[in-house]
Amino acid sequence: MPFVTKLTLESGDRHRLEDVVTTIKETAARKGVELKGPHPHPPDELRVPQCKRLVDDGDRFQPWTYTVYTRTIEIVGHDEFARSVAERDFPDGVHVSAEIEQRRQMN
């Protein structure tokens, strides 16, 4: 039963995120690792309210808005490669989370 490692990469800097994803894809291709993805998700537009004072009396600045870009990659099997990617030092501004799932073979 193979293990599938699902990596979710998020960043507000789309170019930096694409560089990280490209590096992972190229490394996997060199090592013969089976990858599924990267699967892009629609960007999330986040808005953060900003109060003018420490007390929220309704007086506010324009909300701070920013976009978060997300890509998911699935690594099928190749546990050592998946571990090395998940433990890698990623650039500031790129957040990575990993989920591991054991999939059963269909009979």
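Here the structure is a predicted model, which means the values were calculated and not measured.

What counts as what
Residues numbered from 1 in each chain as written. Predicted model: local features only at pLDDT ≥ 70, side-chain atom pairs only at ≥ 80, totals over all residues. Heavy atoms only, no water. UniProt positions renumbered as here; feature names shortened; annotations may be inferred. Helix = DSSP H or I, 4+ residues; strand = E, 2+ residues; numbered from the N terminus. Salt bridge = Lys/Arg side-chain N within 4 Å of Asp/Glu carboxyl O. Buried < 20%, exposed > 50% of the residue type's maximum accessible area, 1.4 Å probe, protein only. Polar contact = N/O pair within 3.5 Å; in protein donor to acceptor, adjacent residues only side chain to side chain. Contact = heavy atoms within 4.5 Å.

Asker: What am I meant to see in the UniProt feature "domain: Small ribosomal subunit protein uS10" (unreviewed entry) in the protein here?
Answerer: The sites that UniProt annotates as "domain: Small ribosomal subunit protein uS10" (unreviewed entry) are residues 6-99. End C-alpha atoms of residues 6-99 are separated by 5 Å, and the span's content is 28% helix alongside 46% strand.

Asker: Please explain the pattern of salt bridges as it appears in this structure.
Answerer: According to the stated counting rule, one finds four salt bridges in the structure shown. A salt bridge links Arg53 to Asp59, with the nearest nitrogen and oxygen atoms 3.2 Å apart. Accessibility expressed as a relative area gives 29% for Asp59, which makes it partly exposed. A salt bridge links Glu80 to Arg83, with the shortest nitrogen-to-oxygen separation between them at 2.8 Å. Remark: Arg83 and Glu80 occur in helix H2 (residues 79-86); sequence separation between them is three residues, near one turn of the helix. On the basis of relative accessibility, which here comes to 58%, the residue Glu80 falls in the exposed class.

Asker: Looking at this model, I keep getting lost on the side chain of Thr72. Mind explaining?
Answerer: Position of Thr72 relative to the elements: it lies in strand S4 (residues 60-76). Within polar-contact distance, the side chain of Thr72 engages the side chain of His41 at 3.4 Å. Each residue touching Thr72, except ones within four places of it in the same chain, is listed here: Lys6, Leu7, Thr8, Lys36, Gly37, Pro38, His39 and His41.

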